[in-house]
There are 2 protein chains.
Amino acid sequence: MDQTTDGTGKFTFEAIAYYRSDRRFRFEVPRQGVLTHSGGIVEFLPHRNFDQALRDLEGFDRIWLIYTFHLNSHWKPFVRPPRAGLGKKKVSVFATRAPHRPNMIGLSCVRLHHVKGLRLQVSEADLLDGTPILDVKPYLPYCDSFPDAQTGWLQGLQPEHFQVSIHREARELMREIYEFNRLDLANFCQLQLEYEPANNHNKRIRVIDSEACLFFLGCRTWRIYYCVDWDQRHVEVLWVATGYSAEELAPNAPDPYHDKAFHRSFMQRHPLPEQFDKPGRVPRPGESWS
Amino acid sequence: MDQTTDGTGKFTFEAIAYYRSDRRFRFEVPRQGVLTHSGGIVEFLPHRNFDQALRDLEGFDRIWLIYTFHLNSHWKPFVRPPRAGLGKKKVSVFATRAPHRPNMIGLSCVRLHHVKGLRLQVSEADLLDGTPILDVKPYLPYCDSFPDAQTGWLQGLQPEHFQVSIHREARELMREIYEFNRLDLANFCQLQLEYEPANNHNKRIRVIDSEACLFFLGCRTWRIYYCVDWDQRHVEVLWVATGYSAEELAPNAPDPYHDKAFHRSFMQRHPLPEQFDKPGRVPRPGESWS
């Protein structure tokens, strides 16, 4: 309704809805929605007749969300996609779904669970909490589904999938952290480690013991310890500890994230097991891990 | 690059490319691109590094075009889709791909043939010449293709398909008209008659002889004569004649479309065969044709 074109090829669109979920940080969403199992709500603005415009959407398994990458502000012709096998090679942006586009428009096919007034319950969405939605369209297989379409530079680059399991003790530690600040480390591990669990190009991964295939992964102020079984394509998450050094945890050290008191008490209650207590070594790109 | 959000949820996007084809009128494009065989060019704006941003797109079978419905200016909560079986029932707009949306954003998956500098040769596009393109993304089957997705109100409404053939003589007449003004009546027949060839709710269809299943279809200032074989699901296009009355073709009648001289000469060279020369009767909705 607020759309205009003044002959210069500019168009103004207005958010009609916002995405609501507990995923707030970029590192919490997968590369594509189908890789996640988390759910969310598409909440439409009131007093605009959108409830009427949504009535017949019930019964569609899937819908398209067209939205804006509201956290990005500039585009670039080449991007480095989070993919195996490319090394440091960049790819032209229109050949990717990366957010740094001339028009920051995102497109995701999500599963629709139900429609209730102005709220759509969806899942398999790779959106962050607060993402402005510009349009919703039904998914129509006859014009949207082409399972055999070739995918250019991506062909053959599909990396191997690893099963990620989280040890009971690590899960307990994660639960405690989640209760403190709603940071979902279990989801983060799944996203970061199911592909290329030792690739430190785009991930905060460090080697602890290359023979034992022991690593840690940084997530905000935390470290997640895990080992990789290369033959079985299996990642086991073993422990969670503070990412702060002893110096950083000193009583009068600055505390920009307001979480150091919690870290101190956490580490007192759950001291780092000895086998993880080794200085992290930065792996070199292309270094063999197995 | 020209994107802004001022906290009010408004976003300004700029056309990065325009679609070029010989389809200029809304009635020349199918409901979905996969129903057409016509091709076109996505022509990117120069001096913006878009040639670099397109380099790795070669090799993808299909791409998404995100564009604006630049000919529409207002939205409505309910629309009447061009579908069989609905009668006059309206459907809520977000449950359709209709252009009258709060944000007039269109989404089409088109076949990519090749990339040359700033130009993409595509086909199966349901876009009109001059459509502003906002984004291009690669089609990725693993996150875009869901062949079995259920389609709500559309389920079971897929109308029967008719084969449309154009008689040699009619094709000759169409060729003559195409040479006069680039109006592609053959494409128009295909789009209008392959589904519901007697449905006059959204089409300018008139009955000539209901026993012989003879009809005509209006296209701008022309009439296209055809008969329908209901058992064989076959439409045969037989003839093309003027849509002007004798009175409208009188020497001093007004000529807003500047085509009456051509119509007069055309009708002199190709007089209407006797069997089509009957007054058209407006069919009643739901009337049986067979």
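Note that this is a predicted model, so its numbers are computed, not measured.

Chemist: Help me understand the interface of chain A and chain B, please; the structure alone is not making it clear to me.
Modeler: How big an interface is tends to be reported as the loss of accessible area on association of its parts. At the interface, 78 residues of chain A touch 78 residues of chain B. Buried area between chain A and chain B, summed over both chains or domains, comes out near 7,200 Å², and the portion from carbon and sulfur atoms is 61%. Of all residues in chain A, Phe13, Phe94 and Tyr142 of chain A give up the largest surface area on contact with chain B, accounting jointly for 11% of the area buried on that side. Between the two partners, chain A and chain B, sit four salt bridges. Arginine 101 of chain A is the partner of aspartate 135 of chain B in a salt bridge, and the nearest nitrogen-oxygen pair spans 2.7 Å. Linking chain A with chain B are 38 residue pairs in polar contact (both at pLDDT 80 or more), by the criterion used here. Mapped by element, the contributors of at least two residues to the side of chain A that touches chain B are β1 (10-14), α1 (50-53), β4 (62-68), β6 (91-92), β7 (105-116), β9 (132-138) and α2 (141-144) of chain A. Broken down by element, the residue count for the side of chain A that touches chain B peaks at six residues, all from β9 of chain A.

Chemist: I would appreciate a short explanation of the environment of arginine 264 of chain A in the present structure.
Modeler: Residues and elements named next belong to chain A. One can find arginine 264 in helix α5 (residues 260-269). Given a relative accessible area of 29%, arginine 264 falls into the partly exposed group. Linking arginine 264 and alanine 246, residues 18 residues apart in sequence, is a C-alpha distance of 9.6 Å. Among all residues touching arginine 264, those that are not within four sequence positions of it are Leu249, Ala250 and Pro251. Here the side chain of arginine 264 touches alanine 250 through a polar contact of 3.3 Å, landing on its backbone oxygen.

Chemist: Help me out: how do you make sense of the pattern of salt bridges in this one?
Modeler: Any two side chains of opposite charge can pair, so long as their charged atoms come close to each other. Within this structure, the stated rule accounts for 24 salt bridges over all chains. One salt bridge in this structure joins arginine 269 of chain A and glutamate 176 of chain A, with 2.2 Å as the shortest N-O distance. Here glutamate 176 of chain A lies in helix α3 (residues 168-181) and arginine 269 of chain A lies in helix α5, a separation of 93 residues in the sequence. For arginine 269 of chain A, a relative accessible area of 42% corresponds to the partly exposed category. A salt bridge links arginine 48 of chain B to glutamate 14 of chain B; the shortest N-O distance between them is 4.0 Å. Of the two residues, arginine 48 of chain B sits in the loop between β3 (39-44) and α1 (50-53) while glutamate 14 of chain B sits in strand β1 (residues 10-14), which places them 34 residues apart along the sequence. Both residues of the pair, arginine 48 of chain B and glutamate 14 of chain B, count as buried.

About the thresholds
- Residues numbered from 1 in each chain as written.
- Chains lettered and ligands numbered in written order.
- Predicted model: local features only at pLDDT ≥ 70, side-chain atom pairs only at ≥ 80, totals over all residues.
- Heavy atoms only, no water.
- Contact = heavy atoms within 4.5 Å.
- Buried area = accessible area lost by both parts, 1.4 Å probe.
- Salt bridge = Lys/Arg side-chain N within 4 Å of Asp/Glu carboxyl O.
- Polar contact = N/O pair within 3.5 Å; in protein donor to acceptor, adjacent residues only side chain to side chain.
- Helix = DSSP H or I, 4+ residues; strand = E, 2+ residues; numbered from the N terminus.
- Buried < 20%, exposed > 50% of the residue type's maximum accessible area, 1.4 Å probe, protein only.

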